[in-house]
Amino acid sequence: ETGVTQTPRHLVMGMTNKKSLKCEQHLGHNAMYWYKQSAKKPLELMFVYSLEERVENNSVPSRFSPECPNSSHLFLHLHTLQPEDSALYLCASSQDVVGGLPYGYTFGSGTRLTVV
Amino acid sequence: GQNIDQPTEMTATEGAIVQINCTYQTSGFNGLFWYQQHAGEAPTFLSYNVLDGLEEKGRFSSFLSRSKGYSYLLLKELQMKDSASYLCAVRGTGFQKLVFGTGTRLLVSP
């Protein structure tokens, strides 16, 4: 399997639930990202991991907790979410080569999250 | 601050040409990307510009003017399958961070 795979594709959860989103990349990339995509808003960067170390947080609420056990896997743990957290959550990966080839991101298909 | 502007929605007819504009103001510039995103799917890479000028790739072309903070994506011989959102994204300085615009939803009609 190639590319970036996200599971589940759809998730409905209550505000008191705990769930996790999973992302897996088979591209040999060394950086992974979580983005939030809400209607009529730009993609919002939530977390960046490079070589398994978190390098940027962007003031995301603590009810979102990322985990990157290795360079191929990325999780987003969710707890006590709010209805406004309903959105499409996209995972992406890239090869971190500053000044090198013009690599963009490879995105997964996303998890459509609905908080009820 | 960082700001990327693109029209919210555009319409065009099959076989026509459409130009989607993007203006940006970012702290540092290290390239501009265009992505295509069909509803419910992942964004997919279309083009990349880091130097001024036009990059052509089949039916799609992308132009960049760094002095004006401006880019456009040109789509020729439009097909129904080109109906999608088109995202403009700028890579600033520092670690591979892409800042995205809100996207332009293109509707192609017969």
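It should be noted that the structure appears before, not after, this text.
Residues numbered from 1 in each chain as written. Chains lettered and ligands numbered in written order. Predicted model: local features only at pLDDT ≥ 70, side-chain atom pairs only at ≥ 80, totals over all residues. Heavy atoms only, no water.

J.: It is not clear to me how the interface of chain A and chain B should be interpreted in this structure. Could you clarify?
T.: Interface extent is often summarised as the accessible area lost during association of the parts. On the side of chain B, 17 residues touch chain A, which itself brings 27 residues to the contact. Both sides of the chain A and chain B interface together cover about 1,700 Å² of buried area, and 58% of this is carbon and sulfur. Linking chain A with chain B are zero salt bridges, by the criterion used here. Of all the secondary structure elements, the ones that give two or more residues to the side of chain A that touches chain B are strand E4 (31–37), strand E5 (44–50), strand E6 (53–56) and strand E9 (87–94) of chain A. The dominant element in the side of chain A that touches chain B, judged by the number of residues it contributes, is E4(A), at four residues. (Contact = heavy atoms within 4.5 Å. Buried area = accessible area lost by both parts, 1.4 Å probe. Salt bridge = Lys/Arg side-chain N within 4 Å of Asp/Glu carboxyl O. Helix = DSSP H or I, 4+ residues; strand = E, 2+ residues; numbered from the N terminus.)

J.: Is there a simple way to explain the state of the cysteines in this structure?
T.: Two cysteines whose sulfur atoms are joined by a covalent bond form what is called a disulfide. For the structure shown, the criterion picks out two disulfides over all chains. Between A:Cys23 and A:Cys91 runs a disulfide, and the two sulfur atoms are separated by 1.9 Å. The chirality of the disulfide connecting A:Cys23 with A:Cys91 is left-handed, given an S-S dihedral of about -75°. Linking A:Cys23 in strand E3 (residues 18–25) with A:Cys91 in strand E9, this pair joins segments that are 68 residues apart in sequence. Both residues of the pair, A:Cys23 and A:Cys91, belong to the buried class. Between the sulfur atoms of B:Cys22 and its disulfide partner B:Cys88 the distance amounts to 2.0 Å. Where B:Cys22 bonds to B:Cys88 through sulfur, the torsion about that S-S bond is close to -70°, and the disulfide is left-handed. Linking B:Cys22 in strand E3 (residues 18–25) with B:Cys88 in strand E9 (residues 84–91), this pair joins segments that are 66 residues apart in sequence. Residue classification places B:Cys88 among the buried positions, given a relative accessible area of 0%. A:Cys91 provides the cysteine sulfur closest to A:Cys68, a residue in no disulfide bond, and the two sulfurs are 9.0 Å apart. (Disulfide = S-S within 2.5 Å. Buried < 20%, exposed > 50% of the residue type's maximum accessible area, 1.4 Å probe, protein only.)

Function-wise, these values are silent; they only describe arrangement.
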